[in-house]
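Fold and contact review
What follows is the residue order along each chain.
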Amino acid sequence: MTDRPPGSGLADAPTEVVTGVAANMDRIGVVGCGLMGAGIAEVCARAGLDVTVVEASPSAVDAGRRRLESSVRRAQQRGKVADADAVLSRVRVVHDLDRLADRHLVVEAVVEDADVKTELFGRLDEIVAHPEAVLASNTSSIPIMKLAVATSRPQAVLGVHFFNPAPVLSLVELVPSLLTDPDTTARVRAFVADTLGKHPIQCQDRAGFVVNALLIPFLLSAVRMVESGFATAEDIDQGLVRGAAHPQGPLALADLIGLDTTKAVAESLYEEFKEPSFAPPPLLNRMVEAGLLGRKTGRGFHSYS
């Protein structure tokens, strides 16, 4: 996996575009190569697509490449990928947003911050040249309309929310705004189902969409139980695993999502609905301030070596 692999032709791609090609969505762009961005890129590369991933800095590019390679090679060891080298050869991780100009579909997977995402969509609107290109957000909570109106093509903007880990979990939430063209939604639904082999569900453009609107109050309730001294994190998680057949407890899940992301989603939900169940508990706020973010920092409600 290199910046411009020999023989790829991408460095010298023609500037003209052909109307109708985007219906196939063969060329995919991803902005961000953290856990979610790398997972989305891997899913697309494993489906045989040409993928360009953009990161914010050269050091992030290197980290993103390592994350992708490690995940794809683990998938090969588990028998999920036949040829890891072939999958990796379809992905370039670069530090240049302009390299997304020829993409048919661009999915942003950057930090869960409305201002950051809005600015990014304005830049993508200027860069992505194909007349039928779709600009998508992997946001888990931010209303799609806020992102769509930052562009000159709100009809081509929608939410395409994968779940972590993207190569493993089959669900993708499709979230059109009031301005999204129904044809855009239909094309992306077909792409998600037929090309990526995922299961799409569709919902209205409301903060949290389907899953997080149900999940976040559940996770916050578990945080409040710890905060009040009602039970330990270990006992709460074991209760849900052993008593309700959950694959993992709510606090372990919050650690996996990232406590900063959990807090950000909760804040978006509370801003939109003003329901107390969506308000981040003080303990969650303090843990985020302390940098105790879960698995990615080695410590959250549980410790990870």
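In what follows, the accompanying structure is described. The structure presented is a predicted model; accordingly, all values stated were derived computationally and were not measured. (Residues numbered from 1 in each chain as written. Predicted model: local features only at pLDDT ≥ 70, side-chain atom pairs only at ≥ 80, totals over all residues. Heavy atoms only, no water.)

**Things to note about the overall build of the protein chain**
Helix and strand counts for the protein chain stand at 11 helices and eight strands. In terms of its C-alpha atoms, the protein chain occupies a principal-axis envelope of roughly 65 × 45 × 35 Å. Within the protein chain, buried positions represent 50% of all 305 residues. Within the protein chain, residue pairs in contact and separated by at least 24 positions form 69% of the contacts whose partners lie at least 6 positions apart. Accessible surface, the protein chain: about 13900 Å² in total, of which carbon and sulfur atoms supply 53%. (Helix = DSSP H or I, 4+ residues; strand = E, 2+ residues; numbered from the N terminus. Buried < 20%, exposed > 50% of the residue type's maximum accessible area, 1.4 Å probe, protein only. Contact = heavy atoms within 4.5 Å. Areas by Shrake-Rupley, 256 points an atom, 1.4 Å probe, with all protein chains shown as cover.)

**So, the side chain of Asp237**
Tracing the backbone through its elements, the reader meets Asp237 in helix α8 (residues 233-244). Despite its burial, Asp237 remains without a salt bridge, the nearest opposite charge being carried by Arg295 at 9.1 Å. Setting aside residues up to four positions removed in sequence, Asp237 forms contacts with Gly249, Pro250, Leu251, Ala252 and His302. (Lys, Arg positive; Asp, Glu negative; His and termini not counted. Salt bridge = Lys/Arg side-chain N within 4 Å of Asp/Glu carboxyl O.)

**Description of the sheet that holds strand β3 (residues 91-94)**
The strand order across the open sheet formed by eight strands is β3-β2-β1-β4-β5-β6-β7-β8, and the pairing between neighbours is mixed. In this open sheet, the two edge strands, each paired with only one partner strand, are β3 and β8 (199-202). For this sheet, the mean angle separating the axes of adjacent strands, direction not counted, is 25°. In the sheet, strand β4 (residues 105-108) pairs with strand β5 (residues 134-137) via four bridges, with the strands oriented parallel. (Pairing = 2+ DSSP bridges. Axes fitted to C-alpha atoms, helices over the stretch in contact; angles between N-to-C directions.)

**A short note on helix α4 (residues 114-127)**
For α4, spanning 14 residues, the distance from its first C-alpha to its last is 20 Å, which sits close to the expected 20 Å at 1.5 Å a residue. Listed in full, the buried residues belonging to α4 are Lys117, Leu120, Phe121, Gly122, Leu124, Asp125 and Ile127. In this structure, the buried side of α4 is in contact with β1 (27-31), β4, β5, α5 (144-148) and β6 (157-162). For α4, the N-terminal cap is Asp113; the gap from its side-chain oxygen to the backbone nitrogen of Asp115 is 2.9 Å. (Expected span 1.5 Å × (residues − 1). Polar contact = N/O pair within 3.5 Å; in protein donor to acceptor, adjacent residues only side chain to side chain.)

**Section: the pairing of strand β2 (residues 50-54)**
In terms of burial, β2 is a largely internal element, four of the five residues being buried. As paired strands, β1 and β2 are joined by five bridges and run parallel to one another. Across the sheet, residue Gly29 finds its bridge partner in β2, namely Thr52. In terms of handedness, the path from β1 via helix α1 (residues 35-46) over to β2 forms a crossover that is right-handed. Both β2 and β3 contribute to a ladder of four bridges, which runs parallel. Each residue of the ladder has a partner; that of Val54, found in β3, is Val94. (Right-handed = clockwise from strand over helix to strand, strands pointing away.)

**Some thoughts on the packing of helix α10 (residues 259-273) against helix α11 (residues 282-289)**
Direction vectors running N to C along α10 and α11 enclose 135°, while the axes themselves pass 9 Å from each other. Viewed along their axes, α10 and α11 adopt a mutual orientation that is oblique. Along this stretch, α10 crosses α11, giving a crossing that reads as left-handed. Counting all contacts with α10, which are made through Leu259, Asp260, Thr262 and Lys263, the residues of α11 involved are Leu284, Asn285, Met287 and Val288. (Parallel < 35°, antiparallel > 145°, perpendicular 65-115°, else oblique. Left-handed = near helix turned anticlockwise from the far one by under 90°.)

**Points about the packing of aromatic side chains**
Under the criterion given, the structure shown has one aromatic pair. Ring geometry for Phe273 versus Phe278: centroids 5.7 Å apart, planes at 40°, classification tilted. Under the relative-accessibility criterion, Phe273 is labelled partly exposed at 33%. (Phe/Tyr/Trp six-rings, centres within 6.5 Å; stacked < 30°, edge-to-face > 60°.)

**Focus: the environment of Ala193**
One can find Ala193 in helix α6 (residues 182-195). Residue Ala193 is classed as partly exposed on the basis of its relative accessible area of 30%. Taking the C-alpha atoms as reference, Ala193 lies 24 Å from Val128; in sequence the two are 65 residues apart. Here Ala193 is in contact with Lys198 and Pro200, once residues within four sequence places are set aside.

**Points about the environment of Thr52**
Relative to the helices and strands, Thr52 is located in strand β2. Given the relative accessible area of 2%, Thr52 is considered buried. The sequence separation of Thr52 and Val93 amounts to 41 residues, and the corresponding C-alpha distance is 6.1 Å. Here the side chain of Thr52 touches Arg92 through a polar contact of 3.1 Å, side chain to side chain.

**Remarks on the pairing of β8**
Two elements, strand β7 (residues 171-176) and β8, share four bridges in a ladder whose sense is parallel. The residue of β8 that forms the bridge with Glu173 is Ile201. The parallel pair β7 and β8 is bridged by α6, and the resulting crossover is right-handed.

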